[in-house]
There are 2 protein chains.
Amino acid sequence: MDASESGVTCLPSIQFYFDFISPFGYFASLQIDELARRSGYTVEWYPMLLGVSVLKVMGLKPLLDTPLKGDYLRRQMSRHLRREGLALKRSADDPMMDPRACARAYYWTARHAAPLAKPLAKHLLDRYWKDGEDLTSAQQIVDGALPAGLDPLALAEGIETAAARAMLRSAVEDSLKRGVFGSPTVVAGDELFWGVDALPSVEQWLTAGGW
Amino acid sequence: MDASESGVTCLPSIQFYFDFISPFGYFASLQIDELARRSGYTVEWYPMLLGVSVLKVMGLKPLLDTPLKGDYLRRQMSRHLRREGLALKRSADDPMMDPRACARAYYWTARHAAPLAKPLAKHLLDRYWKDGEDLTSAQQIVDGALPAGLDPLALAEGIETAAARAMLRSAVEDSLKRGVFGSPTVVAGDELFWGVDALPSVEQWLTAGGW
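Described below are features of the structure shown in this document.

**Quick word on the overall build of chain A**
Part 1: In terms of helices and strands, chain A carries eleven helices and four strands.
Part 2: Here the C-alpha radius of gyration of chain A, 17 Å, is about what a compact globule of 211 residues would show, namely 17 Å.
Part 3: In terms of its C-alpha atoms, chain A occupies a principal-axis envelope of roughly 55 × 45 × 35 Å.
Part 4: The burial tally for chain A puts 37% of its 211 residues in the buried class.
Part 5: Taking contacts inside chain A between residues at least 6 apart in sequence as the whole, the part at least 24 apart equals 68%.

Now the structure itself:
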């Protein structure tokens, strides 16, 4: 069944890469779909792991532990929160969760209940950042708010499957192959845009059709 | 003589930090004065040294040598050049000059011929990036185009003085105390904005009077 028969409207898509533990990834997640929609694009979401890209591949320390940059990121985060009128129960300096269970939950859901994957990611991001929940384990993930229609038992099991682990590993490898290292990163065609500060350039790019 | 007597209009100012060897510092230098002017601000320019902030204080490798990030910066640079219709005779991968003579030239001029300091910086940035000149030595600096009214002999001597070295050292220390680590960085009051991608946020901040 092609789009014309089904009544489905096919839009071109861009890709949004983020790590659940990245505050700027969270901030971008709150804007990216609407930003893309304004230019007639849809957005595919891809959780990635800063622990692999930044720590292992780039060989850097965690950004918040980097002299000067850590302070800058804390200030940039406060500034962003003030501008957007956001209040979080989590600060940049709170202990970080291990984001792998959330990322596996996403990819497992994308495989088995695709339309619920993005709503799930939004729930988990809100629960981690806005509500201050720890979502390190499958149990913690299914113990709180989830999108309607997502079976918590199946999800809890799915998160721990070898298939979910393989999907995350493969997604992270793909992100590195595309050159993604930071969160958020938006990819439009072959063009990468890193950082929440780059979102205006993403919109300019989509509106102009590139340059 | 105060401003009301002299007819001078006093505007609030922001500070612009850049390294002569930073392509994004160069890009920002082409926009920052006009950006600030639109909001009724003037801009004080302060050359800084990435070799001190990034390499020594932050303990990082040069950004272009960092896996993934180096490639990203090359792509971001091309994209910026295409959008702005700029053509440079220097690429990110050409051998870098030692920027200290340029920075000392700036601070020496700021002390001895203040109104010519910013025009000098603009000349040197254009000569380095647009014309591909090497400006590592005082001789190379005075061998090319300089702002009218700036005495090349005095400048060549000034660059090598202990006073100019002390001014640069002190300026770099001050920039670090303010938390500046990258080029470009714009400081408005106590607020830091890092990166050419942050310029729209700078303008928003100045227009709104902060938030």
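**What about the relation of the copies chain A and chain B?**
Part 1: Once chain A is rotated about the relating axis by 180 degrees and shifted along it by 0.0 Å, it coincides with chain B to within an RMSD of 0.0 Å. Here the two chains are linked by the operation of a two-fold rotation axis. Proximity to the rotation axis, assessed at the C-alpha, singles out aspartate 197 of chain A in chain A; its C-alpha lies 2.8 Å from the axis.
Part 2: A share of 100% of interface residues in chain A that are also interface residues in chain B marks the association as one of identical surfaces.

**So, the interface of chain A and chain B**
How big an interface is tends to be expressed through the accessible area that disappears when the partners come together.
Part 1: At the interface, 25 residues of chain A touch 25 residues of chain B.
Part 2: Mapped onto the side of chain A that touches chain B, the elements with two or more residues apiece are α4 (50-57), α5 (69-84), β4 (191-194) and α11 (199-208) of chain A.
Part 3: Examining the composition of the side of chain A that touches chain B, we find that seven residues originate from one element, α5 of chain A, more than from any other.
Part 4: Looking at the side of chain A that touches chain B, its residues break down into twelve nonpolar, five polar and eight charged.

**Describing the sheet that holds strand β2 (residues 42-47) of chain A**
Residue and element names in this part refer to chain A.
Part 1: With mixed pairing, four strands are arranged side by side in an open sheet as β2-β1-β3-β4. With one partner strand each, in any of the chains shown, β2 and β4 form the two edges of the open sheet. Neighbour-to-neighbour, the strand axes of the sheet open up by a mean angle of 20 degrees, direction not taken into account.

**Comments concerning the environment of glycine 59 of chain A**
Part 1: As for its position among the elements, glycine 59 of chain A is in the loop between α4 and α5.
Part 2: Residues glycine 59 of chain A and valine 8 of chain A, 51 residues apart in the sequence, show an inter-C-alpha distance of 45 Å.

**Concerning the nonpolar core**
Part 1: If you look at the biggest cluster of nonpolar residues, it comprises 112 residues, and the most contacted ones within it are Ala105 and Leu124 of chain A together with Ala105 and Leu124 of chain B.
Part 2: Among all residues touching leucine 124 of chain A, those that are not within four sequence positions of it are Phe20, Cys102, Ala105, Leu135 and Ile141 of chain A.

**Section: helix α7 (residues 117-130) of chain B**
Part 1: Under the 1.5 Å per step criterion, the end-to-end length of α7 of chain B is 19 Å for 14 residues, consistent within 8% with the ideal 20 Å.
Part 2: Among the residues of α7 of chain B, those classed as buried are Ala117, Leu120, Ala121, Leu124, Leu125, Arg127, Tyr128 and Trp129 of chain B.

About the thresholds
- Residues numbered from 1 in each chain as written.
- Chains lettered and ligands numbered in written order.
- Predicted model: local features only at pLDDT ≥ 70, side-chain atom pairs only at ≥ 80, totals over all residues.
- Helix = DSSP H or I, 4+ residues; strand = E, 2+ residues; numbered from the N terminus.
- Rg over C-alpha atoms; globule rule 2.2 N^0.38 Å.
- Buried ≥ 20, exposed ≤ 12 C-beta atoms within 10 Å, placed from the backbone.
- Contact = placed C-beta atoms within 7 Å.
- Least-squares fit on C-alpha atoms with pLDDT ≥ 70 in both.
- Nonpolar A, V, L, I, M, F, W, Y, C, P; charged D, E, K, R; others polar.
- Pairing = 2+ DSSP bridges.
- Axes fitted to C-alpha atoms, helices over the stretch in contact; angles between N-to-C directions.
- Core = buried A, V, L, I, M, F, W, Y, C linked by C-beta atoms within 7 Å.
- Expected span 1.5 Å × (residues − 1).

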